[in-house]
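# Architecture at a glance
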Amino acid sequence: MNKTLTIAQWELRRGLKSKAFIVSVFMPFVVLLISIVPSVLAFSGDIEAKDVGIIDQGNGIYTEVAEHLNEQFQSDSGEAIYTIQEYQTTSENHDTLINTLVQDNIAGIVIVIQPDFMNNAGINIYHNNNVGLEEISKLKGAMRQYSMEKRIVALGMTKEDMDYVLERPDVTVYEISDSGDAVKSNLIVRYGVPGVFLWLLVMGIVMSSSMLISGVIEERSNRILEIMMSSIKPNQLMMGKILGIGMLGVIQITIYLVIILIFSLYGGAMLNIDLSPGDVFTPNILWYFLYFIMGYFMYAALYVSLGSLFDNEREAQQSVGYLSLFAVLPIMLIQPIMMNPGTPLTGILSFIPLTTPFMMILKIGMLSAPLWEILLMMVYLLVWIAAISWAGSKIFRTTLLMYGKRATLKEIFQWIKA
Amino acid sequence: MLKIDKISKSFTGVKAVDNISLDIPVGEVFGFLGPNGAGKTTTLRMIMDILQPDSGLITIDGKPSTSCDHTRIGYLPEERGIYQKAKVRDVVEYFGKLKSVPVGEVKERAIYWFSKLKIQDLADKKVAELSKGNQQKVQFIIAVINDPILMILDEPFTGLDPVNQKILQDIIKDFKAQNRTIILSTHQMAKVEENCDSMCLIHKGKIITLGKTKDIMEKHGGSLDNAFIELVGDTDE
């Protein structure tokens, strides 16, 4: 056992010093940021002052619309952002005038209120490329609100009646768990947190795979193994590697939890969403943590034992990399599962060992998997980890000093059965 | 010390080692020679329990090699390598711990051997920064860090300049004076002539000559080169 721990310690230290590990820890967040920052930037920032033209085609509401827009689009000091002017067009010059106004930036935005707009004749907004997504979205909302107010007044209601009708009633959603407890439904807790953990586990495994394989290949190609085999047994080497690399996974998830904690403290305000540490750090976090670690250990055992079949890193990465597809599969299926959590697909994938840790993370979060199922699947996964380690050690023992010869699938099964 | 009793080993129908028997007493430097592909490395791996013989028995100090204490055996294989990105000191201490050398002792022994092989200034450098010869010295230190009573050295002089070969030879002589047993496998006949008390020559898995080095040299015109060429050539005919 001491030698196994010595090897584990060595692998852990090597891993912590490697650039590949540092990349594998932070890359998932970099990828996540790259995917959401553009959206955040698109919808942030102040709306710039500009000229807006209104073409009111016979409704007589220019003044009302201009007042409404000045109320909706104000600077922090309360001043109207837009300089609004009315334009008149004829059927002959309508398109030409709009093009000229917009292209020459005489009026960066032109709002055309068509005849009888209240009966869905429509409002058209024309703009040049100086107007961003957020401003367009707000303009559309402002014009829709104006239309609704006009209709309500036309029906004989007052603005106060309209505000009363439009006031959103407080609707609270509760989920009754199998134990009969009514828990307030929280989309972030139900979908966001398990989704993030799933993403981190997949990225952690995919990013770490190259580090895991290259370590084994280095010892084979540098002929370090022969020196090691004079002092230790193949099982000790394999277990030591899996343990050491597994500990890297523990460190990785701990770093992730710290980053998630920091995000839950400050991210809600940044993204204007309702988020607090209590939403993220629920009792389920323990199960996500345990399934993360078990998933990491299982893939470490697979990569170490199968990596030993190859003499060079390129071939090993190509062949063993197919395993990563199993890790990526749950990510690809996350949307259909979120839309229909009770789908049989969830159950089937839970029983395929290579996808079990990922599916259980989703099931715990989205389907409130009962405690007996969580514990049973944990035992199921541990049995598979033991089986993979046992089969892997047989492969490892046979291939250690085998150079220049590629093992066939038949030979691999024979070694496992021997 | 080491008794090999009729061991054989085959790989996919090819008999790599065929009924070899040897008896190497304590304190002897034994030359283990043969052409490429003769079965030397397979035999040495069986002594180290890296491979198991298909038949026969290997005992070390009276105990089967599969169950004896390997922590006092040093092994320097012909094809050898070390972690390139690690520091010299860390690698030596790591392998020392794998050979069950206590942590405090492994550091002291590492310092002793760095000084003995004149690489004390390189101890905190990465292995990749060392020349091939200095890396060979590190590999030798790894083989002897556990203070072995039986040493198996397969081509230990490869990659060393004459000065360092002399240092290594002196170390082998020191080990012999300390009554340690050494199996020396090398193609450098001069080294065998200078260092080995006894020797054997194996070819196609069988021993074709065995005895005192001087006796074998005398039979073949006073030179092991002649002995090698004559005996291996005769067998091929």
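## Examining the packing of aromatic side chains
All names here are of chain B. All told, the structure shown has 15 aromatic pairs over all chains when counted by the stated rule. Geometrically, the ring pair formed by Trp113 and Phe140 is edge-to-face, given 6.2 Å between the ring centres and 75° between the ring planes. Residue Trp113 is found in helix H3 (residues 103-116), and its partner Phe140 is found in helix H4 (residues 132-144); the two are separated by 27 residues along the sequence. For Phe140, a relative accessible area of 3% translates into the label buried.

## Re the packing of helix H2 (residues 88-98) of chain B against H3 of chain B
Residue and element names in this part refer to chain B. Relative to each other, H2 and H3 sit at 130°, their axes nearing to 9 Å. Between H2 and H3, the interaxial angle falls into the category oblique. By crossing handedness, the relation of H2 to H3 is classed as right-handed. On the side of H2, the interface is formed by Val88, Arg89, Val92, Glu93, Gly96 and Lys97, while H3 contributes Val103, Val106, Lys107, Ala110, Ile111 and Phe114. Class assignment for the residues of the contact of H2 with H3 results in seven nonpolar, one polar and four charged.

## Remarks on empty space enclosed by the protein
One water molecule sets the probe size; rolling that probe over the atoms shows where empty space is left. By the definition in use, this model includes two cavities of 30 Å³ or more. As a volume, the largest cavity reaches approximately 80 Å³. Taken together, Leu76, Arg80, Leu117, Gln136, Lys137, Phe140, Pro156, Leu160, Asn164 and Leu168 of chain B form the lining of the largest cavity. Listed by contribution, the elements that provide at least two residues to the lining of the largest cavity are H4 and helix H5 (162-177) of chain B. Per-element tally for the lining of the largest cavity: the top contributor is H4 of chain B, with three residues. Grouping the constituent residues of the lining of the largest cavity by class yields six nonpolar, two polar and two charged. Roughly 30 Å³ of internal volume is contained in the second largest cavity. As for the second largest cavity, its lining consists of Gly204, Ile205, Ser208, Leu212, Tyr296, Tyr299, Ala300 and Tyr303 of chain A.

## A few points about the sheet that holds strand S2 (residues 14-24) of chain B
Within a sheet, neighbouring strands are paired by backbone hydrogen bonds and run either parallel or antiparallel to one another. Residues and elements named next belong to chain B. The sheet built from four strands is open, its strands ordered S2-S1-S4-S5 with antiparallel pairing. Looking along the sheet, the strands with just one partner apiece sit at the ends: S2 and strand S5 (63-64). With two bridges joining them, strand S4 (residues 55-60) and S5 adopt antiparallel strand pairing. Bridging across to S5, Thr59 finds its partner in Pro64. Across the face of the sheet, helix H1 (residues 40-47) comes into contact with strand S1 (2-11), S2 and S4 while running at roughly 120° to S1.

## Comments concerning H1 of chain B
Quick reminder: α-helices carry 3.6 residues per turn. Residues three or four places apart thus point the same way. Counting buried positions over the eight residues of H1 of chain B gives seven, a clear majority of the element. Among all positions in H1 of chain B, only Lys40, Thr42, Thr43, Leu44, Arg45, Met46 and Ile47 of chain B are buried.

## Some words on the environment of Ser393 of chain A
Residue and element names in this part refer to chain A. Secondary-structure assignment places Ser393 in helix H17 (residues 371-399). By relative accessible area, which is 7% here, Ser393 ends up buried. In this structure the side chain of Ser393 is engaged in a polar contact, spanning 3.4 Å, whose partner is the side chain of Asn235.

## Some points on the pattern of salt bridges
If you walk through the whole model with that rule in mind, you get 23 salt bridges over all chains. The shortest N-O distance in the salt bridge between Asp147 of chain B and Arg72 of chain B comes to 3.6 Å. With Asp147 of chain B in the loop between H4 and strand S7 (150-154) and Arg72 of chain B in the loop between S5 and strand S6 (73-76), the pair connects residues that are 75 residues apart, well separated along the chain. Across the salt bridge formed by Lys166 of chain B and Asp170 of chain B, the nearest N and O atoms sit 3.0 Å from each other. Within this pair, Lys166 of chain B and its partner Asp170 of chain B are both found in helix H5, separated by four residues, close to a single helical turn. Salt bridges sharing common partners tie together Glu11, Arg14, Glu218, Glu219 and Lys241 of chain A.

Reading guide: rules and limits
Residues numbered from 1 in each chain as written. Chains lettered and ligands numbered in written order. Predicted model: local features only at pLDDT ≥ 70, side-chain atom pairs only at ≥ 80, totals over all residues. Heavy atoms only, no water. Phe/Tyr/Trp six-rings, centres within 6.5 Å; stacked < 30°, edge-to-face > 60°. Helix = DSSP H or I, 4+ residues; strand = E, 2+ residues; numbered from the N terminus. Buried < 20%, exposed > 50% of the residue type's maximum accessible area, 1.4 Å probe, protein only. Axes fitted to C-alpha atoms, helices over the stretch in contact; angles between N-to-C directions. Parallel < 35°, antiparallel > 145°, perpendicular 65-115°, else oblique. Left-handed = near helix turned anticlockwise from the far one by under 90°. Contact = heavy atoms within 4.5 Å. Nonpolar A, V, L, I, M, F, W, Y, C, P; charged D, E, K, R; others polar. 1 Å grid on protein atoms, 1.4 Å probe; cavity = no way out; pocket = protein on both sides within 12 Å on 5 of 7 lines; lining within 4 Å. Points joined across faces, edges and corners; volume = space filled by probe spheres on them. Pairing = 2+ DSSP bridges. Polar contact = N/O pair within 3.5 Å; in protein donor to acceptor, adjacent residues only side chain to side chain. Salt bridge = Lys/Arg side-chain N within 4 Å of Asp/Glu carboxyl O.

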